[in-house]
Amino acid sequence: MAKVLVVGGGPAGSVAALSLRRLGHEVVLYEKARFPRYRVGESLLPGTLSILTRLGLKEDIDRFGFVKKPSATFLWGQDQAPWTFSFTTPKSAPWVFDHAIQVKRDEFDQMLLEAARRRGAVVHEGAPVRDVDVQRDDRVTAVVEGPDGEVTVEADYVIDASGSGSPLVKKLKTRRYDPFYRSFAIWSYFRRADPFKGDLAGTTYSITFEHGWVWMIPLRGDVYSVGIIVDQDKIKEVGDKGQEAFYKETLAKCARAMSILDGAEMFDGVRVVQDWSYEAEIFSERRYFLCGDSACFTDPLFSQGVHLATQSAVCAAAAIDRMTTHPEERDAIHAWYNHSYRETYEQYHEFLASFYTFASFTEPESEFWRKRRISESRDDRLERKRWFERLVDRASSNEDLAIEDFRDRASTMIAIGRHKRMELSDDFSDGELNAARVKWISQLTKQLNSIKRMEWNGADVLLKPYYKVHPLTFNLGPQSVIANEAGRAMTKYPLEEEQRQIFAALKREPMEYRELIRQLAESGKQEHSAHIVIRMLEAGLLTGYDKAGKQVVIQDRLRFDGVGEEYEV
């Protein structure tokens, strides 16, 4: 059993404590505030609901009666029909959800913290952590401000879930700010009943306008959270006009948001957050782990903040549990945590970049949209992003095709969820999207079947050690993933030597897509054979060509963790 210090009592800290207690470890949690306390970030993803349900919190969640969120709806791009990202998915397991929830964070966060306390975590509120020392190999120490002054505490590990003001990240000086998403948020609250009663009831709205976009989140009690994302070059204007005047004046420029509000009364003050997008260079090493906003944060378009927090918390707890019994695997476990966390974060980052690029070609020319457009494969703002490196690699053979395909990935997602009407209406139903879903699956299948020569990219076909968190026990277990010598790997589905031999044979003698699928199915991967190949194409391990020798570019859906039926955790 390990003793773990958890810094911060928000969703990341509380879920880390709950997971560690489930795994049998001692937890001492320090939170600088006294709960309940205010936080923004009210819109969640189904994957978060899944994690909390598996931690045994379903009754707690149901007791609060949070608003059910069936989807996210976008009025994205000028003169574009609305489109809805539906969470509809087959219930392939009891912990798979077709909806999320909209929460009041003061209630939600306190619920999680109290659950951690009930499960045996020692929780100290009003106890800010002033310093954390992670330089020793055998323990960590922290300086905590208590009622009688500062005290020094020791533990085997520390999970820093203290948010953007992380004392450890400040000390290590590892945070780097994102030059691509240099935005800030300004928001308030309105008295407004949800205007829709059908399949749009409870949905989150994201609405573009000339100078940015607006979020609208329905909360319990006929309240809407309404925030505006604008470029940081507007900060001076906020100072000159004052927060409330700037907010009201800017919101009035978004006609579609004003239409939904329909004269609703603003009843709360205006708040601003400026440090909008960043990541730490290292998410974990030695005896520390960063979770949630301590590790990274980016534009909230897809409501990913709380999910990144809870998913990373479970992973950090599972990693510590594994290290306790297998200390010889420490470096491999840290490599897994850093890789899997950064991959999840970058999925959101890529998703955002594609959707911003799409909108930038439909909205009036402005600084906000010009700065968020990817129009060529040379963009220094994105040079450290793995997803952008893959785009650059593809652009080396055909830059116009690579950039066009990147923009079209957002177009594909939008086409699947596009409404039949230009205006929001209670006539909308989730079922009307089925035809577009079937069409997309048909087109994807046709593309895949057109591949007559599948080639391996790289000199070697390797199995590399990796890890996976068990969905019920939360134990971290070893597995193998397919990779090449350049470090490219497909980590979603574990593979074994039998599958490695199939790809080694493909490297020696390219084969058709259908033959590859047949061999994977015969090796025991029938259920996921097509998904495996798609993921390997996305990872750059495979390239497919049609009968004329032309590369087949698979226009798969943009994806990210927390939705669908295959959660990362």
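Treat the numbers as computed from the prediction; the structure is a model and nothing was measured.

Colleague: Please provide a residue-by-residue account of the sheet that holds strand 25 (residues 476–483), values included.
Modeller: Pairing within the open sheet is antiparallel, and its three strands lie in the order 24-25-26. Single-partner strands in this sheet number two, and they are strand 24 (462–469) and strand 26 (489–490). Sheet topology note: the strand 25/strand 26 ladder contains two bridges and is antiparallel. Within strand 26, the position partnered with Ala483 by the bridge is Ala489. Each of strand 24 and strand 25 touches helix 10 (residues 330–360); the most contacted strand, strand 24, lies at about 80° to it.

Colleague: Describe the packing of helix 16 (residues 513–525) against helix 17 (residues 529–539), and please don't skip the residues or the numbers.
Modeller: Here helix 16 crosses helix 17 at 120°, and the two axes come no closer than 9 Å. In this view, helix 16 runs oblique relative to helix 17, as classed from their interaxial angle. As for the relative orientation of helix 16 and helix 17, their crossing is right-handed in sense. Seen from helix 16, the contacting residues are Tyr513, Leu516, Ile517, Leu520, Ala521 and Lys525; seen from helix 17, they are Ser529, Ala530, Ile532 and Val533. The residue inventory of the contact of helix 16 with helix 17, partitioned by class, reads eight nonpolar, one polar and one charged.

Colleague: Requested: an account of the side chain of Gln499, with residues and values cited.
Modeller: Positionally, Gln499 belongs in helix 15 (residues 497–508). Apart from residues lying up to four places away in sequence, Gln499 is in contact with Leu520, Ser523 and Lys525.

Colleague: Now, about the nonpolar core: what can you tell me, with residues and values included?
Modeller: Membership of the largest hydrophobic core comes to 128 residues, with the highest contact counts inside it found for Trp76, Phe85, Ile159 and Phe355. It is helix 10 that contributes the most residues to this core, 13 residues altogether. Among the nonpolar cores identified, the runner-up in size contains 31 residues, and Met454, Val461, Leu516 and Ile517 belong to it.

Colleague: Describe helix 1 (residues 11–22), with residues and values.
Modeller: Taking 1.5 Å per residue, twelve residues should reach 16 Å; helix 1 reaches 16 Å between its end C-alpha atoms and fits that length. Of all twelve residues in helix 1, ten are buried; the element is thus mostly enclosed. Of the residues making up helix 1, those classed as buried are Pro11, Ala12, Gly13, Ser14, Val15, Ala16, Ala17, Leu18, Ser19 and Leu20. Looking at the packing, one finds that the buried side of helix 1 touches strand 1 (3–7), strand 2 (26–31), helix 2 (46–54), helix 4 (105–118), strand 11 (157–160) and helix 9 (305–325).

Colleague: Account for unusual backbone geometry, naming residues and giving values.
Modeller: A cis geometry characterises the amide bond from Phe35 onward to Pro36, with omega recorded as 0°. Of note, the phi angle at Lys173 is positive, near 55°, even though the residue is not glycine. Here Lys173 is to be found in the loop between helix 5 (167–172) and strand 12 (175–177). Among the residues examined, Lys173 registers a relative accessible area of 72% and is labelled exposed. Despite not being glycine, Phe474 has its phi angle at roughly 65°, a positive value. When you line up the elements, Phe474 lands in the loop between strand 24 and strand 25. Of the residues examined, Phe474 reaches a relative accessible area of 0% and is grouped as buried.

Colleague: Quick one: what's the story with the sheet that holds strand 1, residue by residue and with numbers?
Modeller: Taken in spatial order, the six strands line up as 7-2-1-11-21-20 in an open sheet, and their pairing is mixed. Looking at which strands have only one partner, the edges of the open sheet turn out to be strand 7 (122–125) and strand 20 (284–285). The pairing of strand 11 with strand 21 (residues 288–290) spans three bridges and is classified as parallel. Counterpart to Val158 in the pairing with strand 21 is Tyr288. In the packing of helix 4 onto the sheet, the strands contacted are strand 2 and strand 7, and the crossing angle to strand 7 comes to about 140°. Against the sheet, helix 9 makes contact with strand 1, strand 11 and strand 21, and its axis sits at roughly 170° relative to strand 11, the strand it touches most.

Definitions and cut-offs
Residues numbered from 1 in each chain as written. Predicted model: local features only at pLDDT ≥ 70, side-chain atom pairs only at ≥ 80, totals over all residues. Heavy atoms only, no water. Pairing = 2+ DSSP bridges. Helix = DSSP H or I, 4+ residues; strand = E, 2+ residues; numbered from the N terminus. Contact = heavy atoms within 4.5 Å. Axes fitted to C-alpha atoms, helices over the stretch in contact; angles between N-to-C directions. Parallel < 35°, antiparallel > 145°, perpendicular 65-115°, else oblique. Left-handed = near helix turned anticlockwise from the far one by under 90°. Nonpolar A, V, L, I, M, F, W, Y, C, P; charged D, E, K, R; others polar. Core = buried A, V, L, I, M, F, W, Y, C linked by side-chain atoms within 4.5 Å. Buried < 20%, exposed > 50% of the residue type's maximum accessible area, 1.4 Å probe, protein only. Expected span 1.5 Å × (residues − 1).

Interpretation note: all reported values are geometric properties and have no functional meaning in isolation.
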